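Chain and residue survey
Okay, here's what each chain looks like letter by letter:
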Amino acid sequence: RGDTACHDILVNAAHHIGFGLTNAVNVISPEMVVFNNSPVFTYEPVLTEIRTVILEEAYASDIRIPELAVSTLGDKACGIGAAASALASVLDAAR
């Protein structure tokens, strides 16, 4: 708090992340984008800037802007994702 240079750097980075995500929104229109729980993404001005860029830059006004969320899984995210993928493969093979 109070460090304007750090704030400006983070918001500038968020601006560029927003442009990258706008490309994904324009192409695949995801319902949700989940960020890791890095302190960067828990800083509300970062998410606000990303949302703003997507809203301003998405091609069509009828494209649904995705919900932006921060993961609560922490270091367990990769393991949980791998387990879910393996379980889905087993269940698909059983059909």
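To be clear, the structure that these remarks concern was listed above.
First, a word on what this report is: a plain description of the structure on this page. (Residues numbered from 1 in each chain as written. Predicted model: local features only at pLDDT ≥ 70, side-chain atom pairs only at ≥ 80, totals over all residues. Heavy atoms only, no water.)

**Regarding the packing of aromatic side chains**
What counts is decided by this rule: A pair of aromatic rings is counted whenever rings of Phe, Tyr or Trp (Trp by its six-membered ring) have centres within 6.5 Å, and the orientation is called stacked for planes under 30 degrees apart, edge-to-face for over 60 and tilted otherwise. Each residue is assigned to one of three classes by its accessible area relative to the maximum for its type, calculated with a 1.4 Å probe on protein chains only: buried under 20%, partly exposed between the two thresholds, exposed over 50%.
If you walk through the whole model with that rule in mind, you get one aromatic pair. On the numbers, 4.3 Å between centres and 15° between planes, the contact of phenylalanine 35 with phenylalanine 41 is stacked. A residue is classified by how much of its surface remains accessible, and phenylalanine 35, at 8% relative accessible area, is buried.

**Some thoughts on the pattern of salt bridges**
Where charged atoms from two side chains of opposite charge come close, those side chains can pair. Note the threshold: Here a salt bridge means any side-chain nitrogen of Lys or Arg lying within 4 Å of a carboxyl oxygen belonging to Asp or Glu.
Following the criterion strictly, the structure yields one salt bridge and no others. Note that glutamate 44 is salt-bridged to arginine 51, the shortest N-O span being 3.2 Å. Glutamate 44 sits in the partly exposed class, given a relative accessible area of 42%. We classify arginine 51 as partly exposed; its relative accessible area is 31%.

**Focus on the nonpolar core**
Threshold: Remark: nonpolar core denotes a set of buried residues (Ala, Val, Leu, Ile, Met, Phe, Trp, Tyr, Cys) joined through side-chain atoms within 4.5 Å. For helices the rule is a DSSP run of H or I covering at least 4 residues; for strands it is a run of E covering at least 2, with both sets numbered from the N terminus onward. The contact criterion used is simple: two residues touch if any of their non-hydrogen atoms lie within 4.5 Å.
Counting 12 residues, the largest nonpolar core consists of Ala14, Leu21, Val25, Val33, Phe35, Phe41, Val46, Leu47, Ile50, Ile54, Ile63 and Leu68. Those elements that provide at least two residues to this core are helix 1 (4–28), strand 1 (32–35) and helix 2 (44–57). Examining the composition of this core, we find that four residues originate from one element, helix 2, more than from any other. Dropping the residues within four chain positions of it, isoleucine 50 is found in contact with Ala14, Ile17, Gly18, Leu21, Phe35, Phe41 and Leu68.

**A few points about the packing of helix 1 against helix 2**
Selection criterion: Axis definition: a line fitted to C-alpha atoms, over the contacting stretch in the case of helices. Angles run 0 to 180 degrees between N-to-C directions. Throughout this description, any angle smaller than 35 degrees is read as roughly parallel, any larger than 145 degrees as roughly antiparallel, any in the 65 to 115 degree range as roughly perpendicular, and the remainder as oblique. Handedness of a crossing is defined here by the sense of rotation of the near helix relative to the far one, left-handed for an anticlockwise turn of less than a right angle and right-handed for a clockwise turn. Polar here means any residue other than Ala, Val, Leu, Ile, Met, Phe, Trp, Tyr, Cys and Pro, which are nonpolar, and Asp, Glu, Lys and Arg, which are charged; Gly is therefore polar.
Interaxial distance between helix 1 and helix 2 falls to 7 Å at its minimum, and their mutual angle equals 40°. On the basis of the axis angle, helix 1 is oblique to helix 2. Handedness of the crossing formed by helix 1 with helix 2: right-handed. Residues His7, Leu10, Val11, Ala14, His15, Ile17, Gly18, Phe19, Leu21, Thr22, Val25 and Asn26 of helix 1 pack against Pro45, Val46, Glu49, Ile50, Val53, Ile54 and Glu57 of helix 2. When the residues that make up the contact of helix 1 with helix 2 are grouped by side-chain class, the tally is 12 nonpolar, five polar and two charged.

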